[in-house]
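Architecture and fold: a report
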Amino acid sequence: MTITQSYLNNLMASVGYFAPEIAIVVTFIVAILFDLMFKKSKNIAAYISIIGLIITGFILSGNIGISKSLFDGLIVVDPYSTFFKFLFLITTILIMVMSLSYKELYDNNRKVGEYYSMLVGITFGMFLLASAVNLITIYLSIEILSLSSYVLAGYTKEIRRASEASLKYVIYGSLSSGIMVYGMSLLYGATMTLDVAKINVAILSGHVELFPIIIGGLMILVGFGYKMSAVPFHYWTPDVYEGAPITITSYLSVASKAAGFAVFIRFFKDLYLLPATSDINIWNTISNFHWQTIVAVLSVLTMTVGNFVALWQENVKRLLAYSSIAHAGYILMAVVVMTNVGITSILLYFVFYMIMNLGAFFVAQLFANKIGSDDLKDYIGLGYRSPVLAVLMTVFLISLTGLPPTAGFIGKFYIFTAVLDKGFVWLAVIGVLNSVVSLFYYAKIFRNMFLRSVADDTKNNFKFSAPAFPLSIAYVLAFATILFGLYFSPILNWAENSVTMFK
Amino acid sequence: MIPLIITLLLPLISSLLILFMNKENVKLIKYFTLISSLITFLISLFLLFNFNNTNPDIQYYINVTWVSSLDAGFRIGLDGMSLLLVMLITFISPIAILSSFDSIKTREKEYYFMILLLQFAMVGVFTALDTFLFYIFWELILIPMYFIIGIWGGKNRLYATVKFFIFTMVGSLFMLVAIIWLGNYVGNEILKTGFTTDYLKIKEVANLIPLNYQNWLFWAFAISFFIKVPLFPLHTWLPDAHTEAPTAGSVILAAILLKMGTYGLIRFNLEFFTSASIANASLISIFAVIGIIYGALVAAIQTDIKKLVAYSSVSHLGFVVLGIFSMTAIGIQGAIIQMVNHGLSTGMLFLLVGIIYERRHTREISEYGGIARIMPVYATFFAIAMFSSVGLPGLNGFVGEYLTLIGAFTSPILNSWGYAIAASTGVIFAAVYLLWMYQRVFFGTVDNPSNLNLKDLSKREWAFLVPIVIFIVWIGLHPSTFTNISENSTRKLVNKIENVKFGITPYPELLKNSNLKTNSNQINNNKIGK
């Protein structure tokens, strides 16, 4: 058999497992084409995208439980990536549905076809990223993800702050991906391979120079940290989150962050993977270099800065942006331990975080539709003016704080369990203190909504609610938030099964 | 078993039903809430009548698996100590609801929803026998209480409710870390069966945890409970929360929420971390005594009646903590009775303050004077509540304080008379500030014209005050009705404590029907081994 033939065979065998990604690309193309053809119907791209992604979901369910390396080790399909892919799909579909009722987006008779197709493009990038095990695929998928995000962040281009957000996002993004690609070149230089598994073999063999590997790893960490918006790589986050359309903000805060974590965990896990017999902490593969401490410091910085800066915010969108930084910090706590329990807790947390964070942003969006503002001071009295939405918002905020009986509590409980399991009591205590701080600013929102009432004479005293369809979505999310606080075994089992590859 | 489930879940179901009621139909909501809580009370009486006083263990135990990977379950049950407190909840709740019929005039639907939700969570706290479940109920209390103070409270309610929320939350999150650490350590290191939150399992072996770890765990739990009690110097949230809360909120706060802390101390700190409790008993007793005296002194200089009552709580709860950490059967018995007493007498004082506040919209002592002539019935009720709080023999307060002081006096663990002597000055101070306040409000001449037309008690007010008076007198005259219920459970706990400390079993008759002996031997061996 010639090399070409074996290559072709490999390709043919891989394509079947690559079907979900292919479905996404098809959706992307069809959405753009139909948008051009049917100019009259505004939302056709949205409907096609949603249907396409649902079909992708069905195709993806064929990959459940499969572990396979595709395209000569460029990407893999395994339960871990499949878990994240479902997360991305659900988030994207929810965001699309939410965008349909977003006033700012439809202002000025804007064309929205590209908006929805770009979301499909991001999804493609994230799918690849969750599967990537080769430095090239990692870099390319991050770029696919980023480019679409830059466009979407500035989609409402006549709004000054959106354009500014987009520009800042591009500049910070290119800087960090530049650093990352430089780090990758160092890894390649030291080991002469792009395959993460082979780099791992090279490290374990002990015949490589460790210095470039450490520096390279740190530089790659910058790129991932940027996607996860971990402090100190978070500077773009508040400005972009505040400036971008709120749907995109919530999308970036959930999906893009999850993608960053997915690749971060897989990359370092694979890079420093040890032979199965060894029970040394994986972070100690390279002796004399304390990765664990670095991640722990990153985690503490991320949650502390996120929470403390959130305290001073007067804009709900910006406040939620900082809160999402803080949540990245909580999740990083579980990365520190890097055990299966820890990674399970991360997966679990992301499911819950998706629900509650999307919910909070969505209600903020529904408020903004009516009162035209995201300012905390304009939330005063909303509990009286729009009781239903305000109660839903409170449910999400309580969950974000991590109070029972909500999903957020369960997520935090599992993260703390993972952290304490490895004896990191100090880290857990810092996490706990941070939760207290977070209570302060989350409470500020529902305090303004319920405990303060507006003066009766202002013109802004009309009562309102949301249209039935968006409202029902918010209801579903709130219901899920409480339900998963009480019954979460299926998700837990799913998450546990998804980390089996990390033995 | 079934009565316990109904007692726990009926308030929750009723609160959810209220959500579907029409907001305008206030009358329906009010009476529905009242009737639901009365039914809960009647059903909880079955718990009392079917309870076997001679059995010191958990009764009505229900164990349903919930999260198998955490070994967390819906485990509830009652022993003699928690039964009395659950009865207190089901008794006080209808009274608190009835008392808010006139005073709550805005957003009634949300209010009664919150009250019932609160009742559900409170019963949950006192029945949960699973650390995970306990924590959920413990935190669930916060949300309704936050809104009850924050929406229906007084002028300064925002400050008070945020302070209350933050204080409680800080404590309870440390407890969360401790719960996880404990579950992990007990499950993986001692039992080797995996993470667990099963209260009964942990209780059997928790004292095997080395003392230095135990100390940390002890304080992580204790801080959270001390904030709730509140023990001096963590009490600063209490006067604010009490003063700003609506009457029913204050009543529930005083009567039940504060007891969550003292109950937790017995249930978790003493039962789990017996060695650490013994080691820290003197230190905590010192703070309890300081709290007793400090609370009384600060109460004496208050100009606001409600604030005075609030500070008196700090003082009274000091007796409870002292009783608990005397670690004698009499002291703990006294603490439990004192918890019930404080619920009745302070609850009643808050109700009475609420009654006069509704009529005059002020609580300043200087605004009143000579009220006894205008409202003789009111003055009589106030006198009963006050004497109960002072600890007049023949009324309930005396029994509790007397038992806790005896406990502190005879305690082999505190081993000093000083605590009891210093604490008993608190009784004297209590007489001073309460009688002085009573004199200024009720006696003398009516020199404020706006007091001239005050109406005496209405039928509704009679209806919720008389039941409390009955129990105040009953406990005062025949305390053994109540002490019998908690006696054996307390003794079993003291058996365990004295076994750890001195290797003796003061109440051997309880050993017949329990497996205490084997466990305590294990504990002893472990102690000697170190």
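Everything quoted here is computed from the prediction, not taken from an experiment.

What counts as what
Residues numbered from 1 in each chain as written. Chains lettered and ligands numbered in written order. Predicted model: local features only at pLDDT ≥ 70, side-chain atom pairs only at ≥ 80, totals over all residues. Heavy atoms only, no water. pLDDT = per-residue confidence, 0-100. Helix = DSSP H or I, 4+ residues; strand = E, 2+ residues; numbered from the N terminus. Expected span 1.5 Å × (residues − 1). Buried < 20%, exposed > 50% of the residue type's maximum accessible area, 1.4 Å probe, protein only. Contact = heavy atoms within 4.5 Å. Pairing = 2+ DSSP bridges. Buried area = accessible area lost by both parts, 1.4 Å probe. Salt bridge = Lys/Arg side-chain N within 4 Å of Asp/Glu carboxyl O. Polar contact = N/O pair within 3.5 Å; in protein donor to acceptor, adjacent residues only side chain to side chain. Nonpolar A, V, L, I, M, F, W, Y, C, P; charged D, E, K, R; others polar. Axes fitted to C-alpha atoms, helices over the stretch in contact; angles between N-to-C directions. Parallel < 35°, antiparallel > 145°, perpendicular 65-115°, else oblique. Left-handed = near helix turned anticlockwise from the far one by under 90°. Phe/Tyr/Trp six-rings, centres within 6.5 Å; stacked < 30°, edge-to-face > 60°. Lys NZ or Arg CZ within 6 Å of the ring centre and 35° of its normal.

This part covers the confidence of the model for chain A. Detailed reading of the predicted coordinates is not advisable wherever pLDDT is low. When pLDDT is averaged along chain A, the result is 86; 94% of the residues meet or exceed 70. The least confident element of chain A is helix H5 (residues 103-106) of chain A, whose mean pLDDT is 81; the most confident is helix H4 (residues 79-99) of chain A, at 92.

Once that is clear, we can look at helix H20 (residues 468-486) of chain A. Between the first and last C-alpha of H20 of chain A there are 27 Å, a value that for 19 residues agrees with the 27 Å anticipated at 1.5 Å per step. All of the buried residues along H20 of chain A are Pro 470, Leu 471, Ile 473, Ala 474, Leu 477, Ala 478, Ala 480, Thr 481, Phe 484 and Gly 485 of chain A. The elements touched by buried residues of H20 of chain A are H4, helix H15 (340-371), helix H17 (387-401), helix H18 (407-421) and helix H21 (489-498) of chain A together with strand S1 (59-67) of chain B.

Moving on, we get to the environment of Ile 179 of chain B. All names here are of chain B. In this fold, Ile 179 is placed in helix H7 (residues 157-190). Distance from Ile 179 to Thr 197, taken between C-alpha atoms, is 7.7 Å for residues 18 residues apart in sequence. Sequence-distant contacts of Ile 179, defined by excluding residues within four places in its chain, comprise Thr 131, Tyr 135 and Phe 221.

Residue and element names in this part refer to chain B. Locating Gln 333 in the fold gives a position in helix H14 (residues 329-360). Residues Gln 333 and Asp 79 lie 254 residues apart in sequence; the distance between their C-alpha atoms is 13 Å. Among residues more than four places away in sequence, those in contact with Gln 333 are Thr 483, Ser 486, Glu 487 and Thr 490.

So, on to the pairing of S1 of chain B. Residue and element names in this part refer to chain B. Both S1 and strand S2 (residues 72-78) contribute to a ladder of 6 bridges, which runs antiparallel. For Gln 59, the partnering residue across the bridge sits in S2 and is Leu 78. Where S1 folds back onto S2 in an antiparallel hairpin, the turn is made up of 4 residues, including Asp 71, whose phi is positive at roughly 55°.

Once that is clear, we can look at the interface of chain B and chain A. By convention, interface size is frequently given as the accessible area that disappears when the constituent parts associate. The interface is formed by 32 residues belonging to chain B together with 37 residues belonging to chain A. Both faces considered, chain B and chain A share a buried interface measuring about 3200 Å² in area, 81% of it formed by carbon and sulfur atoms. For the pair chain B and chain A, the number of links is 0 salt bridges. Taken together, the links from chain B to chain A amount to 5 residue pairs in polar contact (both at pLDDT 80 or more). The set of elements that each furnish at least two residues to the side of chain B that touches chain A consists of S1, helix H5 (131-140), helix H6 (142-152) and H7 of chain B. Looking at which element gives the most residues to the side of chain B that touches chain A, the answer is H7 of chain B, with 16 residues. When grouped by side-chain class, the residues that make up the side of chain B that touches chain A number 24 nonpolar, 5 polar and 3 charged.

Moving on, we come to the pattern of salt bridges. Residues and elements named next belong to chain B. Inspection of the entire model under this criterion finds 21 salt bridges over all chains. Between Asp 71 and Lys 201 there is a salt bridge; the shortest N-O distance is 2.9 Å. Of this pair, Asp 71 sits in the loop between S1 and S2 while Lys 201 sits in helix H8 (residues 199-205), and the two are 130 residues apart along the sequence. Among the ionic pairs, Glu 367 bridges to Arg 360, the shortest N-O distance being 2.8 Å.

Helix-helix packing is characterised by the crossing angle of the two axes and by the distance between the axes. All names here are of chain A. Contact geometry of H15 with H18 gives a least axis separation of 9 Å together with a crossing angle of 160°. Regarding the angle of H15 to H18, the classification is roughly antiparallel. The handedness of the crossing between H15 and H18 comes out as left-handed. Of H18, the residues touching H15 (which contributes Val 341, Gly 342, Ser 345, Leu 348, Tyr 349, Phe 352 and Met 356) are Ala 407, Gly 408, Ile 410, Gly 411, Lys 412, Tyr 414, Ile 415, Ala 418 and Asp 421. Partitioned by chemical class, the residues of the contact of H15 with H18 number 10 nonpolar, 4 polar and 2 charged.

As a further point, take the packing of aromatic side chains. Each aromatic ring pair is specified by the distance between its two centres and by the angle formed by the two planes. Under the criterion given, the structure shown has 81 aromatic pairs over all chains. Between Tyr 169 of chain A and Trp 236 of chain A, the ring centres sit 4.8 Å apart and the planes meet at 15°, which makes this aromatic pair stacked. Residue Tyr 169 of chain A is located in helix H8 (residues 160-191), and its partner Trp 236 of chain A is located in helix H11 (residues 236-243); the two are separated by 67 residues in the primary sequence. No difference in accessibility class separates Tyr 169 of chain A from Trp 236 of chain A, as the two residues are buried. Members of the aromatic cluster, each reached through a chain of ring pairs, are Tyr 80, Phe 83, Phe 84, Phe 86, Phe 88, Phe 261, Tyr 349, Phe 350, Tyr 353 and Trp 494 of chain A. One cation-aromatic arrangement involves Lys 228 of chain B over Trp 138 of chain B; the distance from NZ or CZ to the ring centre is 5.1 Å.

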